[in-house]
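If you want the building blocks of each chain, they are given just below.
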Amino acid sequence: MEKVLITGVAGGVGRLLARRLLADGEVCGVDLAPWDSRPREVTMFRADLRKREFEDVIRTERPTSVVHLGFVRDFRGDAGRRHDVNVRGTGRLLQHCDRYGVQRVVVVSSGTVYGALPDNPFFMDEDHALSASRDYPEIRDLVEVDTLATGFLWKAPQIRTTVLRPVHVLGAVARSMMADYLRLERQPTLMGFDPVMQFIHEEDLVEAIALSLELGLSGLYNVTGPGQVPLHTAIEETGGQAMPVPEPLLRPTMRRLFGWKIAPWPEGALDFLKYPVTLSGRRFHEATGFEPLFGLDETFRGIQR
């Protein structure tokens, strides 16, 4: 029987994915956070990916597939620890998958790794450079994780490895930068800028991960939703209120507030409110036939404050 191990299983998408995969086989999960309401069919282990205890889980459970969602995404914690957990933890996970005969690995990266830059083309494909850390050094660890997983494709060709780069994920339990931004009652925007953005419902992302496992995909894939809209439309549709602020005022304010651990995002995140980051999902659609089930209206309604 198929056995899937999910790292970060106690997170919002991890919980949705665990319930989705129970219909197809056995599910176990790893997280440092608790999940007290988990289904009794899901076996859960409290373990740090960097420690021997996690290797013991892989060695004893012997999953056929691993889905890697276990990242630290909160910028307000210790930056060194965040980098260590994300990069070294991912490296250890991939080593264990190679050592203990895992057949399929899905690493859920993010479309933000391409970076928000003024020269971005519309609808970037998977061959576009990962440039996020150029002007946004705090996101360097996520770029390194993506690069590690991409290298693993060639280092361990016997393992079907998939790297998914979804656009902004929205939903009741999604905890991404853009989801949390749209949950604000009032959203600061950069005066004079209204970039086009793409969104996907959290349930559609779960289905994309399940398809990747089911079909045994190998490669790099952008995962896109039902379309794209300007930022101001996303704010209006989620019940927020845009507050345009001149860039020379907003940037130093964000820098100070982040330094004081008041703002949840560093200054570099403002570029995603300035320049468009639009991805082409053609490769994933052609490989899987994937079509999002949720339209933009439903996706925006999924935001809960």
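Above this text you will find the structure in question.
This report concerns the structure included in the present document. This is a predicted model, so every value here is computed, not measured.

What counts and how
- Residues numbered from 1 in each chain as written.
- Predicted model: local features only at pLDDT ≥ 70, side-chain atom pairs only at ≥ 80, totals over all residues.
- Heavy atoms only, no water.
- Helix = DSSP H or I, 4+ residues; strand = E, 2+ residues; numbered from the N terminus.
- Buried < 20%, exposed > 50% of the residue type's maximum accessible area, 1.4 Å probe, protein only.
- Contact = heavy atoms within 4.5 Å.
- Areas by Shrake-Rupley, 256 points an atom, 1.4 Å probe, with all protein chains shown as cover.
- Patch = residues over 30% accessible without salt bridge, like charges linked within 9 Å, V, L, I, M, F, W, Y side chains within 5 Å.
- Salt bridge = Lys/Arg side-chain N within 4 Å of Asp/Glu carboxyl O.
- Lys, Arg positive; Asp, Glu negative; His and termini not counted.
- Charge placed at Lys NZ, Arg CZ, Asp CG, Glu CD.
- 1 Å grid on protein atoms, 1.4 Å probe; cavity = no way out; pocket = protein on both sides within 12 Å on 5 of 7 lines; lining within 4 Å.
- Points joined across faces, edges and corners; volume = space filled by probe spheres on them.
- Nonpolar A, V, L, I, M, F, W, Y, C, P; charged D, E, K, R; others polar.
- Core = buried A, V, L, I, M, F, W, Y, C linked by side-chain atoms within 4.5 Å.
- Pairing = 2+ DSSP bridges.
- Right-handed = clockwise from strand over helix to strand, strands pointing away.

## Let's talk about the overall build of the protein
Helix and strand counts for the protein come out as ten helices and twelve strands. Dimensions of the protein, computed from C-alpha atoms along their principal axes, come out at roughly 55 × 40 × 40 Å. Looking at the protein as a whole, 56% of its 305 residues are labelled buried. A sequence separation of at least 24 residues applies to 73% of the contacts in the protein between residues at least 6 apart. Per element, the accessible surface of the protein, about 13400 Å² overall, is 51% carbon and sulfur.

## Here's the deal with a negative patch on the surface
Together, Glu236, Glu237, Asp297 and Glu298 line one region of the surface with negative charge. Mapped by element, the contributors of at least two residues to the negative patch are helix H7 (231-237) and helix H10 (296-301). In this fold, Glu236 is placed in helix H7.

## Topic: empty space enclosed by the protein
Summed over all chains, the structure comprises five cavities of 30 Å³ or more. Considering only enclosed or pocket space, the largest cavity measures out at about 90 Å³ in volume. Every residue lining the largest cavity is listed: Met177, Met178, Tyr181, Pro188, Met254, Trp265, Ala269, Leu270 and Leu273. Per element, the largest residue contribution to the lining of the largest cavity is three residues, and it comes from helix H5 (residues 177-182). Of the residues assigned to the lining of the largest cavity, the class counts are nine nonpolar, no polar and no charged. There is about 80 Å³ of room inside the second largest cavity. Lining of the second largest cavity is provided by Ser110, Gly111, Thr112, Pro166, Val167, His168, Gln198, Phe272, Val277 and Leu279. A class-by-class count of the residues in the lining of the second largest cavity yields five nonpolar, five polar and no charged.

## Side note on the nonpolar core
With 73 residues, the main nonpolar core has Ile6, Val67, Phe199 and Ile209 as its most contacted residues. At seven residues, helix H6 (residues 202-215) tops the list of elements feeding residues into this core. With residues near it in sequence (within four places) discarded, Val67 still touches Val4, Leu5, Ile6, Thr7, Leu17, Val106, Val108, Ile209 and Leu213. In terms of nonpolar packing, the next biggest core, distinct from the first, is built from 26 residues, Ala47, Ile58, Phe71 and Val87 among them.

## Some words on the pairing of strand E1 (residues 3-7)
Burial analysis of E1 places five of its five residues in the buried class, which makes it a mostly covered element. Residue alternation in E1 divides its side chains into two sets, Lys3, Leu5 and Thr7 and Val4 and Ile6, and both sets are buried. Judged from the five bridges that link them, E1 and strand E2 (residues 26-31) form a sheet pairing that is parallel. Counterpart to Thr7 in the pairing with E2 is Val30. Note that the unit made of E1, helix H1 (residues 12-21) and E2 has a crossover that is right-handed.

## A short note on the pattern of salt bridges
The full count for this structure, using the stated rule, is 25 salt bridges. Close ionic contact of Asp24 with Arg20 constitutes a salt bridge, the shortest N to O distance being 2.9 Å. Given a relative accessible area of 51%, Asp24 falls into the exposed group. Here Arg20 falls in the partly exposed class, since its relative accessible area comes to 25%.

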